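# Chain and residue survey
Chain by chain, the residues run as shown.
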Amino acid sequence: MAIRRGRGVAAINYPTGMNLGGDPTQALVHSTPTGNFMVTLSSVDLGQGMKQIMAQICAETIGVPTDRVVVDTADTDTGPHCMGTFASRGTHRAGNAVIQAAREARQVMLEVAAEELEVNASDLETDGQGNILVKGAPQKSISIFDVALSAHFKRGRSISGRGMFLIPRSYPEKETGAMKPSTCYAHACTVAEVEVDDETGEVTVLTVKNVFEIGRALNPKMVEQQLVGGSWMGISHALYETTEPYYPNRDHGGTDFNQYLMPGPGDLAETEIIVLERPSADGPYGAKGPGEMCANPQIPAVANAVFDAVGVRIDTLPITPERVLRALKAQAAN
Amino acid sequence: MELRKNYFADLRKDDLHEIGQPRPRSDSPGHVTGKTAFFADRNFPGMLHLKMVRSPHHHARIRSIDTSEAEKHPGVVKILTAKDVPHNVYTILILIQIGPEDETVLADGKVRWKGEAVVAVLAETERAAQEAAAKVKVDYEVLPAVFDMEEALKPDAPLVNEYHGQNYYLYDSGECRKVRFGDVEAGFAGADHILEQSYQSSPIEHAPTETTGCVVAPEGNDRFTCYTNTQAMFFTLDNTSIILQMPGSKLHFVGGTVGGGFGGKVDVIVEPIAILGAKLTGRPVCFIYSREEEMQISSPRAAEKVVIKDGVMKDGRIVARKVTGYTDAGAYSRHSPYGAQKGAGHYPGPYTIPNVWIDTYCVYTNRTPSSAMRGFGVTIGDFALEVQMDKLARLIGMDPLEFRFINAYRDGDMKAHRQPTEGAALIECMQEASRAANWPVAEKYLAMSSYVKGA
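Values in this document were obtained by computation on a predicted structure and should not be read as measured data.

## Overview of the packing of helix α5 (residues 298-310) of chain A against helix α10 (residues 379-395) of chain B
Between two packed helices, both the angle of their axes relative to each other and the distance between the axes serve to describe the pair. Following both chains from N to C, one finds α5 of chain A and α10 of chain B inclined at 35°, their axes separated by 8 Å at the closest point. Crossing of α5 of chain A over α10 of chain B shows right-handed handedness. Residue-level contacts link Ile 299, Pro 300, Ala 303, Asn 304 and Phe 307 of chain A of α5 of chain A to Asp 382, Phe 383, Glu 386, Val 387 and Asp 390 of chain B of α10 of chain B. Across the contact of α5 of chain A with α10 of chain B, the residue classes break down as six nonpolar, one polar and three charged.

Structure representation (structure tokens):
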């Protein structure tokens, strides 16, 4: 009886969005009288930080600091339609809609600034700090604060924009299955290292090294929180979780966190996250949707590591001590 | 976390101001100081609490329902049964024309899974609602149930759902979604080795911190405001409008920060019945799942069975792959027909294989309906595919990572569902994993590229 060590690898890809259902999302952007910007959506922030990302996308597009943008979400009286926050689509779909709306608003803003500065709008640029400058003559400038005041009270212009992003529905062809299930894919490769106690069947994940390719890390800190959380969830799926431990038998289902097994802090592996960026052609600033895929590769990587450690295949999830022990017993019997 | 900018540097301009900056989240201070408002923080004078009477049987005919004792229970204000729901038989994906309507808001004549909602009790307190629910008498005639997908697909299996007429979802392509590419049998015939293996998962709970729920307030103007943690505002509003036969203009849905979704809050379950309760009583109503309901009543990730048959050459090329996927939908469709179909679009994984055959089935059984969950239609498939890849590599005596390089898809490769590959990055992820994990591979694999021609 011994503690045995093994490692396994898995590589995956993951589609962004739900093309097979049609995938629209809209956004509205407008400026306040003092040149702050409001993004209005009906999209839902599930705690992953969608509001923050939409603010950064809007700020980048208009050319102002992120703290000048406020995001209003999840109200059907004010926010235009969004299909919903699922299918790794929030950042990609709503982000594209926000870019379109922000571009339209930026154009009006530059037109008003052009009138104030008596130049052509096409000769203007933003400095990212809240000012609009004449290209090549930065001493000639106006603050966005003053532009917004002028638009509201002098020029009678609405600095606002409408954004719509739609991936039209793809209908699979009946006989061949020809379809377009996604417009871009995120990628990952994970190497997991485990210890298996061949007396108790218990699996301990020691390290997980994840490489994720996600298009563009719009906010690296938030990318990290999502990818680390996903990686933990992958381990949890591999070793612990199910509402029906003896599926298809319906008995013994957990009804609270005492019975429904999930890893505690002490059960989590040393986790390494490496991010690659291959910008997607249709993503907001190249972003793809990594929200779902980041929890996938750990499951097979752990299963393969268990085999590497003790030479048994557990092809049924979760990989419980009971399943490992039964497989070891069957292996010994052969 | 480490950003490795040396990959794809020629495909990227790093000239942005706000994007790419690790700005602190504007909502973090609210979260960590307890100031962020969640839907359940709404409280209204006179608010009623809704509790469900649920089926104790997996499959049963309802002979009769007697609510008389429950109605007399102190604090009970209203009791709802199927006849109170204007459009009681519904399905959520009807919004994108994926029918038939196959589920009841409140059971009508039959229950098809243990835990199915039968009667809704509205009372002044949660406790009164719970106690009164226990006094509702339902007379059941228990019917044979089926839990195993293979059993369910046999011709003599008990019929789970009459609205389908058979225990699988009928696609326009027939009993399953199909992908056919190349000639899979010819591929097997020419292969050096064949490996057929079966993989299985069990249902998994989303386990959000905040359970599913809503608070509904009738407004003075004949409208209803529904504070909810749904993941999809208009999806829920439009379905509610159909179920209650109420114009969408009468409905106002307000969300906000959700305490974790993971796909568990895209079913439309709590809102319609809570709004109906508010309409019929004229009072605010809250309906919030207990942890037990969240774990055993709300949809889990579907259990799946995946059978993969591969033909592989000694030099490492996979020449044929046949995948048969089964998604256990439970008693009702919810999002499962979509998930099974998404699986068909995902197989055979990120590998270029000339001969592919895919069948994915959505199967009905007498269990808690499954639905969307993070990685829906893909997560379990990836488990099966990547364990299979490991087995294939060992079968032909090849390093598992090098084996994947040989088969990895690259830009321009035609996928089984007939889309050319774009934006591939699998090879680069594996190259970086080889370096980071100190898992050596031959130099020729480190020189490969997803997009540079000839590399």
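There's plenty left to go through after this.
## Observations concerning the sheet that holds strand β11 (residues 270-276) of chain A
Sheet strands pair by backbone hydrogen bonding; their relative direction is either parallel or antiparallel. Spatially, β1(A)-β9(A)-β10(A)-β11(A)-β1(B) is the arrangement adopted by the five strands of the open sheet, whose pairing is mixed. Each edge of the open sheet is held by one strand with a lone partner, namely β1 (3-15) of chain A together with β1 (2-3) of chain B. Summarising the sheet, β11 of chain A and β1 of chain B pair through two bridges and their orientation is parallel. Residue pairing in the sheet places Val 275 of chain A in a bridge with Leu 3 of chain B of β1 of chain B.

## What about the domain arrangement of chain A?
Residues and elements named next belong to chain A. Looking at chain A, the domain boundaries give domain 1 (3-16 + 182-333) and domain 2 (19-167). For domain 1 versus domain 2, the separation of C-alpha centres amounts to 38 Å. The partner domain 2 presents 16 residues to the 18 residues of domain 1 that form the contact. The residue makeup of the side of domain 1 that touches domain 2, split by class, is eight nonpolar, eight polar and two charged.

## Quick notes on the domain arrangement of chain B
All names here are of chain B. The domain architecture assigned to chain B consists of domain 1 (48-143 + 207-296) and domain 2 (177-204 + 300-418). Placing the centre of domain 1 and that of domain 2 at their C-alpha centroids yields a distance of 37 Å. In this assembly, 17 residues from domain 1 lie in contact with 17 residues from domain 2. A per-class count over the side of domain 1 that touches domain 2 returns six nonpolar, seven polar and four charged.

## Some remarks on the nonpolar core
The nonpolar side chains of soluble globular proteins are, as a tendency, buried together. Grouped together as the largest cluster of nonpolar side chains are 234 residues, with contacts concentrated most on Val 39, Met 54, Cys 58, Val 98, Val 302 and Val 306 of chain A together with Val 121 of chain B. The dominant element in this core, judged by the number of residues it contributes, is helix α2 (residues 90-117) of chain A, at twelve residues.

## Overview of the interface of chain A and chain B
Tallying the contact residues gives 99 residues for chain A and 102 residues for chain B. Mapped by element, the contributors of at least two residues to the side of chain A that touches chain B are β1, α1 (50-62), β9 (185-197), β10 (203-213), α4 (220-239), β11 and α5 of chain A. Examining the composition of the side of chain A that touches chain B, we find that eight residues originate from one element, β1 of chain A, more than from any other. Among the residues forming the side of chain A that touches chain B, the class breakdown is 48 nonpolar, 30 polar and 21 charged.

## Some remarks on helix α11 (residues 400-407) of chain B
Burial analysis of α11 of chain B places six of its eight residues in the buried class, which makes it a mostly covered element. Taken as a whole, α11 of chain B has its buried residues at Pro 400, Leu 401, Phe 403, Arg 404, Phe 405 and Asn 407 of chain B. The inward-facing, buried residues of α11 of chain B abut β1 of chain A together with β17 (318-330), α10, α12 (426-436) and α13 (443-446) of chain B.

## Topic: the sheet that holds strand β9 (residues 137-142) of chain B
Residues and elements named next belong to chain B. Taken together, three strands build an open sheet; the order of strands is β7-β3-β9 and the sheet is antiparallel. In the strand order of this sheet, the two ends are held by β7 (110-111) and β9, each with one partner. Note: strand β3 (residues 60-66) against β7, two bridges, orientation antiparallel. From the neighbouring strand, Ala 60 faces β7, where its bridge partner is Val 111.

## Focus: the packing of α1 of chain A against α2 of chain A
Residues and elements named next belong to chain A. The contact between α1 and α2 brings their axes to 8 Å, and the two run at 35°. In the crossing of α1 with α2, the sense of the turn from one axis to the other is right-handed. For the pair α1 and α2, contact is made by Met 50, Ile 53, Met 54, Ile 57, Cys 58, Thr 61 and Ile 62 and by Gly 90, Thr 91, Ala 94, Gly 95, Val 98, Ile 99, Ala 102, Arg 103, Ala 105 and Arg 106, respectively.

## Here's the deal with the environment of Ile 144 of chain A
Residue and element names in this part refer to chain A. With respect to the helices and strands, Ile 144 occurs in helix α3 (residues 144-155). Among the residues examined, Ile 144 registers 26 C-beta atoms within 10 Å and is labelled buried. Once the C-alpha coordinates of Ile 144 and Met 109 are considered, the two residues, 35 residues apart in sequence, prove to be 7.9 Å apart. Once residues within four sequence positions are removed from consideration, Ile 144 is found in contact with Gly 35, Val 64, Met 109, Gly 130, Asn 131 and Ile 132.

Basis of the calculations
Residues numbered from 1 in each chain as written. Chains lettered and ligands numbered in written order. Predicted model: local features only at pLDDT ≥ 70, side-chain atom pairs only at ≥ 80, totals over all residues. Axes fitted to C-alpha atoms, helices over the stretch in contact; angles between N-to-C directions. Helix = DSSP H or I, 4+ residues; strand = E, 2+ residues; numbered from the N terminus. Left-handed = near helix turned anticlockwise from the far one by under 90°. Contact = placed C-beta atoms within 7 Å. Nonpolar A, V, L, I, M, F, W, Y, C, P; charged D, E, K, R; others polar. Pairing = 2+ DSSP bridges. Domains from an automatic or database assignment. Core = buried A, V, L, I, M, F, W, Y, C linked by C-beta atoms within 7 Å. Buried ≥ 20, exposed ≤ 12 C-beta atoms within 10 Å, placed from the backbone.

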